[in-house]
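Descriptive structure summary
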Amino acid sequence: GEFLKTMRRGGLNQEEASEVLAVLYSVYELVSEAEEQQQSTFALGNWLAPGCRSFLKSFGVRLLEVLREFPEIFDCQGGSAAKPIVALAQQNGVSEQLVFDRLCGGC
């Protein structure tokens, strides 16, 4: 949708970029705490903070769509089309500032 296009261009405002970071942090925490270091998007959707769910819903964007924009953080290749699995990418060292700058063009 339009939100993802804006996000890819780095055109989010500071508030939107902060909300996306909150979603990414929440998912990162949930996946890293899981015994198998992976979670289904269904489980993640249930466990996300209510504010994160509301934010995604308000823009009509699905969690998996957002996570796929960050392959340096999340591996979204697992599972099936009906039940996608999210794991942490092997690459480490992605900084919050780098992601924030990418989302909003250095706002």
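Here's a quick rundown of the structure. (Residues numbered from 1 in each chain as written. Predicted model: local features only at pLDDT ≥ 70, side-chain atom pairs only at ≥ 80, totals over all residues. Heavy atoms only, no water.)

Turning next to the overall build of the protein. Summing up its helical and strand segments, the protein has 6 helices and 3 strands in all. Starting at the N terminus and walking to the C terminus, you meet the elements of the protein as α-α-β-α-α-α-β-β-α. A compact globule built from 107 residues should have a C-alpha radius of gyration of about 13 Å, and the protein, at 13 Å, falls within 12% of that. Overall, the protein is about 35 × 30 × 20 Å in size when its C-alpha atoms are taken along their principal axes. Counting only residues that meet the buried cut, the protein has 44% of its 107 residues in that class. Across the protein, every contact between residues at least 6 apart in sequence was considered, and the portion connecting residues at least 24 apart equals 58%. Carbon and sulfur atoms provide 48% of the accessible area of the protein, an area that totals close to 6400 Å². When the 9 basic and 14 acidic side-chain charges of the protein are each reduced to a single mean position, those positions are 10 Å apart. (Helix = DSSP H or I, 4+ residues; strand = E, 2+ residues; numbered from the N terminus. Rg over C-alpha atoms; globule rule 2.2 N^0.38 Å. Buried < 20%, exposed > 50% of the residue type's maximum accessible area, 1.4 Å probe, protein only. Contact = heavy atoms within 4.5 Å. Areas by Shrake-Rupley, 256 points an atom, 1.4 Å probe, with all protein chains shown as cover. Lys, Arg positive; Asp, Glu negative; His and termini not counted. Charge placed at Lys NZ, Arg CZ, Asp CG, Glu CD.)

A few words on the nonpolar core. Ranked by size, the top nonpolar core spans 32 residues in total, and within it Met7, Val20, Val27, Val66, Phe70, Phe74 and Leu103 carry the most contacts. Those elements that place two or more of their residues in this core are helix 1 (2–9), helix 2 (14–33), helix 4 (50–58), helix 5 (63–68), strand 2 (74–79), strand 3 (84–88) and helix 6 (96–104). Of the residues forming this core, the biggest block, 8 residues, is contributed by helix 2. Residues within four places of Val66 in sequence aside, it is in contact with Leu4, Met7, Val20, Leu24, Leu56 and Val61. (Core = buried A, V, L, I, M, F, W, Y, C linked by side-chain atoms within 4.5 Å.)

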